[in-house]
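Spelled out, the chains give:
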Amino acid sequence: MPTPQDVVDASVHYQGEQTQSTIPSLLSVIIDTNPRAWSALNNTLTLTQAVANALVFTNAHLAGDNANEVSIIAAHCNRAVWLYPTPPRRNTNAEAAQPPLTGNEFPKFAEIKHSVFTSLRELVSETTEADIKSTTTTQISGALTLALTHINKTSISLTTSRGAGYGGGPTTGSGPVATSTDGLPGLNARIVVLSVSDSNPAQYITTMNAVFAAAHSQIPIDTLCLRGNPTFLQQASYLTRGIFIRAKEPQGIVQYLMLGLNRLPPSFEFASETSPNESSGKKGGGRGGTPFLLPNAELVDFRAACFCHRRVIDTGFVCSVCLSIFCEVPSEGECLTCKSKLQLGNYGARPVVA
Amino acid sequence: MAYQAEPSYQLSDYLEKLSGATLRKLYLQPSTSFAIFRQILSPLAQSFVQALLCMPGPIPVSKLDVWVRPDSRRARDYALATLRSLSIVQITGHGKGNPNVVQLSTNFQKSLRRALESGGDHRTFGIPSTSPVDAEITIDSLDKYSTKKWEEILHYVVNSVGGLDDGGSTGAHRSGPAPSVKRLLLEGHLVKARPGTNRMGITKPGFTFLLQKTNAQVWTLLLLWLDMAERAERASGSSSPSVDMLSFLFMLASLQLGRPYDADALTEARRNMLPALIDFGLIYINPRMPRQYYPTRLVTTLTSSISPLRSVSSGFSAIAAGTSDDVSSLGGVSKPSSRQEGIIVETNNRIYAYTRSPLQIAVLSLFTNLESYYPGLVSARLTRESIRRAISFGITADQIISYLGSHAHQEMRNFARDRMIAAVLPPTVVDQIKLWQLENDRITATPGFLFKDFENPDEYLAIANYADEVGVSAWRDDARQMFFAKKHEPIRDFMKSRKKASE
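Thresholds, definitions, all that
- Residues numbered from 1 in each chain as written.
- Chains lettered and ligands numbered in written order.
- Predicted model: local features only at pLDDT ≥ 70, side-chain atom pairs only at ≥ 80, totals over all residues.
- Heavy atoms only, no water.
- UniProt positions renumbered as here; feature names shortened; annotations may be inferred.
- Pairing = 2+ DSSP bridges.
- Helix = DSSP H or I, 4+ residues; strand = E, 2+ residues; numbered from the N terminus.
- Axes fitted to C-alpha atoms, helices over the stretch in contact; angles between N-to-C directions.
- Contact = heavy atoms within 4.5 Å.
- Phe/Tyr/Trp six-rings, centres within 6.5 Å; stacked < 30°, edge-to-face > 60°.
- Buried < 20%, exposed > 50% of the residue type's maximum accessible area, 1.4 Å probe, protein only.
- pLDDT = per-residue confidence, 0-100.
- Expected span 1.5 Å × (residues − 1).
- Salt bridge = Lys/Arg side-chain N within 4 Å of Asp/Glu carboxyl O.

As annotated in an unreviewed UniProt entry, chain B carries the name RNA polymerase II transcription factor B subunit 2 and is attributed to Rhypophila decipiens. Within the UniProt record for chain B, the comment given under Sequence similarities (unreviewed entry) is "Belongs to the TFB2 family."

The name an unreviewed UniProt entry assigns to chain A is General transcription and DNA repair factor IIH subunit TFB4, from the organism Rhypophila decipiens. Check the Sequence similarities (unreviewed entry) section of the UniProt entry for chain A; it says "Belongs to the TFB4 family." Per UniProt, the comment on chain A under Subunit (unreviewed entry) is "Component of the 7-subunit TFIIH core complex composed of XPB/SSL2, XPD/RAD3, SSL1, TFB1, TFB2, TFB4 and TFB5, which is active in NER. The core complex associates with the 3-subunit CTD-kinase module TFIIK composed of CCL1, KIN28 and TFB3 to form the 10-subunit holoenzyme (holo-TFIIH) active in transcription."

Participant: I tried to follow the sheet that holds strand β3 (residues 80-84) of chain A on my own but got confused; where do I start?
Facilitator: Residues and elements named next belong to chain A. The sheet built from six strands is open, its strands ordered β3-β2-β1-β4-β5-β6 with mixed pairing. With partners counted over all chains shown, the strands left at the sheet margins are β3 and β6 (244-246), one partner each. When the angles between neighbouring strand axes are averaged without regard to direction, this sheet yields 20 degrees. Note that strand β4 (residues 188-195) and strand β5 (residues 221-225) share five bridges and pair parallel. Bridging from a neighbouring strand, Val193 pairs with Thr223 of β5. Against the sheet, helix α3 (residues 47-64) contacts β1 (25-32), β2 (69-75) and β4, and its axis sits at roughly 175 degrees relative to β1. Strands β4, β5 and β6 of the sheet are contacted by helix α11 (residues 253-260), whose axis makes an angle of about 155 degrees with β5.

Participant: Can you walk me through the packing of aromatic side chains in this structure?
Facilitator: Two aromatic rings are characterised by how far apart their centres lie and by the angle between their planes. By the definition in use, this model includes 16 aromatic pairs over all chains. Relative to Phe109 of chain A, the ring of Phe106 of chain A has its centre 5.2 Å away and its plane inclined at 65 degrees; by these criteria the two rings are edge-to-face. Comparing Phe106 of chain A with Phe109 of chain A, the two get one shared label, buried. An aromatic cluster is built from Phe451, Phe454, Tyr460 and Phe483 of chain B, whose rings are joined through pairwise contacts.

Participant: Is there a simple way to think about the sheet that holds strand β3 (residues 101-104) of chain B in this case?
Facilitator: The strands making up a sheet associate through backbone hydrogen bonding, with each pair oriented either parallel or antiparallel. All names here are of chain B. Spatially, the three strands line up as an open sheet ordered β1-β3-β2, and their pairing is antiparallel. The open sheet has two edge strands with one neighbour each: β1 (59-60) and β2 (89-92). Most of the contacts of helix α4 (residues 43-53) go to β3, to which it runs at about 90 degrees, and overall it touches β1, β2 and β3.

Participant: Help me out: how do you make sense of the confidence of the model for chain B in this one?
Facilitator: Residues and elements named next belong to chain B. Across chain B, the average pLDDT comes to 76, with 83% of residues at 70 or higher. Averaged pLDDT values over the elements of chain B bottom out at 31 in helix α16 (residues 326-329) and peak at 92 in strand β12 (residues 377-381). The low-confidence segment residues 162-174, where pLDDT is below 50, has 14 contacts with residues more than four positions distant or belonging to other chains. With pLDDT under 50 throughout, residues 307-338 is counted as low confidence; its partners more than four residues away or in other chains account for 91 contacts.

Participant: Even after reading the chapter, I still don't get helix α21 (residues 427-440) of chain B, so can you show me in this structure?
Facilitator: Since the α-helix turns once every 3.6 residues, residues separated by three or four places project in the same direction. For α21 of chain B, spanning 14 residues, the distance from its first C-alpha to its last is 21 Å, which sits close to the expected 20 Å at 1.5 Å a residue. All buried positions along α21 of chain B are accounted for by Val429, Val430, Asp431, Ile433, Lys434, Trp436, Gln437 and Leu438 of chain B.

Participant: I tried to follow the pattern of salt bridges on my own but got confused; where do I start?
Facilitator: Pairing between side chains of opposite charge can happen when the charged atoms of each approach one another. Under the counting rule described, the total for this entry stands at 21 salt bridges over all chains. Where Lys341 of chain A meets Glu334 of chain A, a salt bridge forms, and the shortest distance between an N and an O atom there is 3.7 Å. The exposure class assigned to Lys341 of chain A is exposed, which follows from its relative accessible area of 60%. Given the relative accessible area of 28%, Glu334 of chain A is considered partly exposed. The closest approach of N and O atoms between Arg270 of chain B and Asp244 of chain B, which form a salt bridge, is 3.1 Å. Linking Arg270 of chain B in helix α13 (residues 268-280) with Asp244 of chain B in helix α12 (residues 242-253), this pair joins segments that are 26 residues apart in sequence. According to the relative accessible area criterion, Asp244 of chain B is partly exposed, its value standing at 31%. Residues joined by salt bridges that share partners form a network here, namely Arg384, Arg388 and Glu439 of chain B.

Set out below in structure tokens:
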């Protein structure tokens, strides 16, 4: 057995009781509220049920730690709307904003529920027939962008406020220092999309921009697809190392959420989980140390939409300068994005077989 | 040096000692299950509970293997062992051949689901008062009130340190905590009467108490209080009230800061607890409206990882400064206090503490030599003598290091972050403090249980490996086939299930 003197030597510094602090997690839930899709689903699952189940999921996230936060966004057919937290409004009285406390629920849960259902009712009543007729899909790219901006804002506010001298800042523990080098400082964020609509090729570029922004900040986009074929979200999950689940039984939504989309924050470290006498603080490979095996992605549809007519295409033309995709040769061989003059060569000629 | 196991006043240890039946009774209340989920369980254990929550029936334990990466088995076993010891999950086997199955215990599952679904009519999250509200009571005033109360208690403990000039330097403003709190501190052996005088002296657990985070301090006092109440009840022969008391505390922890709650809606037993909680500063009752009680930040953050008032050091004055409007955007995260607060430790063992709090200065003086005072700044020096003095009081090096680390100045954190170093404190200083302690303290004691005389090597290996995996093993000697474990409950369970499986 080593003597205590052996424990301290020049090469191994004592690391024992350094301050441990948890990084808050922010869960952004995007609920696709496309009226057409929900009316098609109405026999199996109503929007109200789905939202109630999504709230159980967000409550479980909030229950994990006091510092955890959620945001909930509706992706409607013509716009994306905040359900929680709601932007401050000019003409509401403070009374209506506060839910009555019953003593049956945790105050924060009541607040979120109240806010979500009030905003949702407003959204539904404001939707006109023309809005529904105008499109068959949903504003997923707008909702993703809203979620990302909110995450970014929260992260900034956290780092600056912590930076101002609050004890137990995000960078005290040994783990956070290592993990916050890329991605967002001081915040674990993830986005969960409840999808019911097909992807709209018209939103290909905007969606992909949002997805790359998320991938850059290491924010996983998880998708629970209840209906339809959200090609771009499938790609989003693939690119951001998210989880994509296609729900075969939409009624079981709460199980899909609680079980399938159950993930630990990436900064979660084994050292805190295991006994102190075990020093193998190994981190799980590329997944940032989560001890969970994630469900395998099904075959991802990688097809892109062209930049000229927003068609989803298998084969197309690519600008050799800016890599824009076109379904047909642009007029006069000029790239629509970067205006480069392109030469087609002898397109369509038979290949020479030697 | 005499080593004895000191009673632990950490919530998780306390709960693990309760019997399964008591725990199951506790879990009947949704707010309790919710609070335990939030406070005690590690992220992995929380994930397990979350996943099992919506399972209609038991699932085979082997299914868990599918979720968890193969190299995380230890983490999984450890999480499961915690869940079992708290009677949150049940693992049952049906003899040989049939796989063991795991499920949440019924009460816990029901309660937590109700808490998360925010349904039902159980009213365990506190009944708000409908009477008119006194506009003077704001979150600010509640914070000031609880801070003052808690500071009084800590001052009482700090001032009882021997050899320090108390009274004069640390503020003559003290009226001290309520007599009941003084008695509690004495009974809990956080302070003890110094022989020959009528003054109090701090004890080793007292130092531990002092250097903890505020949250842990509150729990320590509350559990001491529960213990005391239980002893008193047992002496008078009535049944143990601790389950109800604990449930009440968990309920208080889920209340909303700044709202009045209805005292009349409480049971009589719970109403009787209010005066004691007022003495701790956990709740506030306006003398003009005795039927309303307000929870303070001390109690509403009982089940959170974020320190409510920042710990001893943090310059309590900071609290009053700006924590009122943080509820709006990011609920749990307290707003920053003044930019200047904190301790800077230099590699030459010098310490600069930017603080105005007499309490923090008093705590620092326990283990440093104070050199000079300036307005808002104290400079001090860590020396061999100062550390040895602290150790003779019963303070450990770990406590000093964690204290300095958790109260480090933001500049030190930034410095460490910019250089991508995990340690905030200079490693030389940390090592030196450890070495100074080792000069007179060459033994570490681990209370526990020795397991030996196994029937065969296989049995030894299986059990010793299991002890390793769940993290209770402190030492093992494979040649002599014995090992030493810090806890015996998980091993006992494991041996039982092993025996059952082999039948």
